Amino acid sequence: MQKIFLILSLFFLLIPRVNAATIVYPKSQNVTINSACTFFIGNEDVTKILTINGEKVDVYKTGAFKHSVNLEYGENVFEIDNGIEMQIYKINRGETPVYKPDTNEFAKLTENENKTLLNELKGIKSNSEINITIDAGHGGKEYGAIGCLCEKEKDINLQIAKKLKMYLEDAGYSVFMTRENDSYIGLRDRVDFSNKNNTHIFISIHANALPDSRAKSKINGSEVYYLYPQSKAMAQSILNSLSKYTGLTARGVYQRNFAVVRNPNAISVLVEVGYIIDPEDEEKLINSDFQNTAAKAIMQGMENYLNGI
Ligand SMILES: [Zn+2]
């Protein structure tokens with residue numbers, strides 16, 4: 001009898017008792033978010049009814065959910081209840097910082113087009129003469145964003161980057177990878193590595209998240225970023241191709257002063273393939289077939305650009 005009791009006790013101790021819904025974002029139960037709205041992102045057993053302050057949460061077929069909520073100034077209390085366990089989140093909202101864009105910030109860059117680089121690219125006859133650096137965003141201690149299903153952005157970025165490398169090498173291009181495993185690399189080191197390899201084309205791969213302020217709108221789809229004017233046409237071409245082949249929404253091409261695209265010596269773009277915090281986008285991003293399609297689409301977009309210059 002004692003033996004049975006011992007075995008039963010052990011059995012119950014060993015069963016993981018995860019009863020509460022997994023909340024990926026907000027990152028803790030007491031946080032400050034200075035925005036008029038935010039969202040709860042995470043995952044739950046699809047058979048359970050999940051509510052936040054009594055409002056039913058749509059749980060996607062993968063178990064992922066993204067539920068937006070309004071925030072009042074001061075303390076906002078949220079009860080997340082799946083019928084088994086309730087979790088209390090206290091979100092403090094302070095003043096939203098006012099963003100004053102410097103309208104001159106990008107205007108002065110228009111003269112910075114690297115004509116030498118463009119002429120060099122135009123003169124190239126063979127793919128093997130084109131040096132391409134692929135940059136899988138984040139890595140090591142830097143996870144990047146975390147998806148609803150707890151996937152880490154750094155892993156998805158690397159998987160797509162490796163596939164892109166394979167397709168580019170099959171087509172004869174000279175390819176360099178800023179990282180080929182789960183290692184941490186600083187932003188400046190990524191640019192230095194690119195310059196050291198006389199890179200003509202630099203493609204940074206990411207998966208998107210936030211911001212809180214846009215929680216109320218449907219956030220999903222692809223975005224491509226560039227800084228120098230010389231990179232805009234390729235950014236647009238990659239976005240068009242990604243959207244055409246993956247079916248993801250083309251959200252747009254944007255000029256941003258991101259460190260990895262702040263390199264005048266290459267055609268540099270940062271591709272946010274999809275939104276890791278959107279249950280539908282996330283389901284695709286973690287799928288190997290989808291990653292292949294996305295990688296091929298990025299290459300096609302790059303080649304369409306090259307053929308057009
Ligand atoms: Zn990222």
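Keep in mind the model is a prediction, meaning the values are calculated, not measured.

Caption draft 1: Quick peek at the overall build of the protein chain. The number of helices and strands found in the protein chain is eight helices and 14 strands. Projected onto its principal axes, the C-alpha coordinates of the protein chain cover approximately 80 × 50 × 35 Å. Looking at the protein chain as a whole, 39% of its 309 residues are labelled buried. Long-range pairs, those at least 24 residues apart, make up 74% of the contacts in the protein chain between residues at least 6 apart in sequence.

Caption draft 2: Spotlight on the environment of Arg190. Note on placement: Arg190 falls in helix 5 (residues 187–196). Sequence separation between Arg190 and Ile156 is 34 residues, and the spatial gap between their C-alpha atoms is 18 Å. Look past the residues within four positions of Arg190 in its chain and what remains in contact with it is Asp135, Thr178, Ile185 and Val260.

Caption draft 3: Here's a closer look at unusual backbone geometry. Following Tyr25, the chain continues to Pro26 via a peptide bond in cis, the omega torsion being 0°. Following Leu210, the chain continues into Pro211 via a peptide bond in cis, with omega recorded as 5°. Considering the arrangement of structural elements, one finds Pro211 in the loop between strand 11 (201–208) and strand 12 (222–226). Even without a glycine there, the phi angle at Asn53 is positive, about 50°. Along the chain, the position of Asn53 falls in the loop between strand 4 (51–52) and strand 5 (55–56). Exposure remark for Asn53: the 12 C-beta atoms within 10 Å place this residue in the exposed category.

Caption draft 4: Looking closely at the packing of helix 6 (residues 232–246) against helix 8 (residues 288–308). Here helix 6 crosses helix 8 at 140°, and the two axes come no closer than 7 Å. Between helix 6 and helix 8 lies a crossing of right-handed hand. Facing helix 6, whose interface residues are Ala233, Met234, Ser237, Ile238, Asn240, Ser241, Leu242, Tyr245 and Thr246, helix 8 presents Phe290, Thr293, Ala294, Lys296, Ala297, Ile298, Gln300, Gly301, Met302, Asn304 and Tyr305.

Conventions used here
Residues numbered from 1 in each chain as written. Predicted model: local features only at pLDDT ≥ 70, side-chain atom pairs only at ≥ 80, totals over all residues. Helix = DSSP H or I, 4+ residues; strand = E, 2+ residues; numbered from the N terminus. Buried ≥ 20, exposed ≤ 12 C-beta atoms within 10 Å, placed from the backbone. Contact = placed C-beta atoms within 7 Å. Axes fitted to C-alpha atoms, helices over the stretch in contact; angles between N-to-C directions. Left-handed = near helix turned anticlockwise from the far one by under 90°.

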